[in-house]
Amino acid sequence: MDVLIIEDDALHRSYLHEAVRAALPECRSVVEAENGLIGEAQARSSRIEHVVMDLQMSERNGIEAARTIWRERPDTKILFWSNYSDEAYVRGVSRIVPEGATYGYVLKSASEDRLKLALRSVFMESQCVIDREVRGIQQKSLGNSLGLSDVEYEILIDVALGLTDKAIAHRKHLSLRSVQNRLQQLYEKLDVYESCGRNHEGSEGWFNLRMRAVAVALQRKVLNTSALERAERDLQATGRM
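Keep in mind that what you see is a predicted model, and the values were worked out from it rather than measured. (Residues numbered from 1 in each chain as written. Predicted model: local features only at pLDDT ≥ 70, side-chain atom pairs only at ≥ 80, totals over all residues. Heavy atoms only, no water.)

1. Remarks on the side chain of Glu7
In this fold, Glu7 is placed in the loop between strand S1 (2-6) and helix H1 (10-23). If sequence neighbours within four positions are ignored, Glu7 has contacts with His12, Arg13, Leu16, Ala33, Glu34, Asp54, Met57, Trp81 and Lys108. (Helix = DSSP H or I, 4+ residues; strand = E, 2+ residues; numbered from the N terminus. Contact = heavy atoms within 4.5 Å.)

2. Structural notes on the sheet that holds strand S2 (residues 29-33)
Here 6 strands make up an open sheet; going across it, the order is S2-S1-S3-S4-S5-S6 and the pairing parallel. The sheet terminates laterally at S2 and strand S6 (129-130), the two strands that pair on one side only. In terms of strand pairing, S1 meets strand S3 (residues 50-53) through 3 bridges, oriented parallel. Looking at S3, one finds that Leu4 is bridged to Val51. Sheet strands in contact with H1 are S1, S2, S3 and strand S4 (77-82), and its direction is about 160 degrees off that of S2. (Pairing = 2+ DSSP bridges. Axes fitted to C-alpha atoms, helices over the stretch in contact; angles between N-to-C directions.)

3. A word on the packing of aromatic side chains
Here the structure, examined in full by the defined rule, presents 6 aromatic pairs. The interplanar angle of 65 degrees and the centroid separation of 6.0 Å between the aromatic rings of Trp70 and Phe80 together place this pair among those described as edge-to-face. Here Phe80 lies in strand S4 and Trp70 lies in helix H3 (residues 62-72), a separation of 10 residues in the sequence. By relative accessible area, which is 2% here, Trp70 ends up buried. Members of the aromatic cluster, connected to one another through ring pairs, are Trp70, Phe80, Tyr103 and Tyr105. (Phe/Tyr/Trp six-rings, centres within 6.5 Å; stacked < 30°, edge-to-face > 60°. Buried < 20%, exposed > 50% of the residue type's maximum accessible area, 1.4 Å probe, protein only.)

4. Looking at the pattern of salt bridges
Where charged atoms from two side chains of opposite charge come close, those side chains can pair. All chains considered together, the criterion is met by 21 salt bridges. With a shortest N-O distance of 3.0 Å, Arg233 and Glu64 are connected by a salt bridge. In this pair, Arg233 is assigned in helix H12 (residues 225-237) and Glu64 in helix H3, connecting sequence segments 169 residues apart. (Salt bridge = Lys/Arg side-chain N within 4 Å of Asp/Glu carboxyl O.)

5. Considerations on unusual backbone geometry
Residues other than glycine seldom take positive phi values, yet Ser126 does so here, at roughly 55 degrees. Structurally, the position occupied by Ser126 is in the loop between helix H5 (112-123) and S6. Overall, Ser126 belongs to the partly exposed group, its relative accessible area being 40%. The residue Lys221 is not glycine, and still its phi comes out positive at about 65 degrees. Topologically, Lys221 is positioned in the loop between helix H11 (209-219) and H12.

6. Some details on the packing of helix H7 (residues 150-160) against H11
One way to put it is that H7 packs onto H11 with a least axis distance of 10 Å and a crossing angle of 110 degrees. Judged by the angle between their axes, H7 and H11 are roughly perpendicular. Relative to H11, the crossing made by H7 is left-handed. Contacts between H7 and H11 involve Leu156, Val159 and Ala160 from the first element and Arg210, Ala213, Val214 and Ala217 from the second. Residues that form the contact of H7 with H11 fall into these classes: 6 nonpolar, no polar and 1 charged. (Parallel < 35°, antiparallel > 145°, perpendicular 65-115°, else oblique. Left-handed = near helix turned anticlockwise from the far one by under 90°. Nonpolar A, V, L, I, M, F, W, Y, C, P; charged D, E, K, R; others polar.)

7. Some remarks on the nonpolar core
In this structure, Met53, Trp70, Phe80 and Tyr105 are the most contacted members of the largest nonpolar core, which totals 29 residues. Elements with a contribution of two residues or more to this core: S1, S2, S3, H3, S4, helix H4 (87-96), strand S5 (103-107) and helix H6 (132-142). Counting residues per element, this core draws most heavily on H3, which supplies 5 residues. Residues contacting Trp70, with those up to four places away along its chain left out, are Thr76, Ile78, Phe80, Ile96, Val97, Pro98, Ala101, Thr102 and Tyr103. With 28 residues, the next largest nonpolar core counts Ala169, Leu186, Val192 and Val216 among its residues. (Core = buried A, V, L, I, M, F, W, Y, C linked by side-chain atoms within 4.5 Å.)

Pasting the structure below:
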């Protein structure tokens, strides 16, 4: 077994290297990459199928790197090791995992023993390992009635990119009325009306609901800059419309 570590912090790379060696005595070699772009190239050239990586990195973040690695080798087992349990990251990972893939999502705040257990579970036993905090966010965002549906989340992204209702309807193959209905649901779930003081005298007309929804989503970490940068690249790649 060969393991690829993709992490932009040298101290964290060293820590992961030691953890991999301790948890996986079967490991023949540990290859290190200092960002997602180099990690993609290493995974491609060495055909490594066991990867542990950070999510927030320069050059190319973990979600982008994992999406490329999985597209080229969908059987690759990836353990995400991150400081972040924001909904934007959790949802971003969930949206790129191939059907049937084995992966893990462990926070850097977890103990060394927890990390070692996750390494063995994902790489040796082909078990998905998701930290409880991350799992809770997954359930809230994907299964809870108060969480945004995939369509609502995609519409929120398009709103943040500055697209009009008509443009969103065209991109999502929805009617204009469907987009507007989903926007209303999105506002309700994000408590946009409440945060705008809908029930307070004199507040009417103070807020743009679309911009307020984006602001609230950023504050609650439903959106982050990585998600928006990725969406902007996708928008440019598709020629906008």
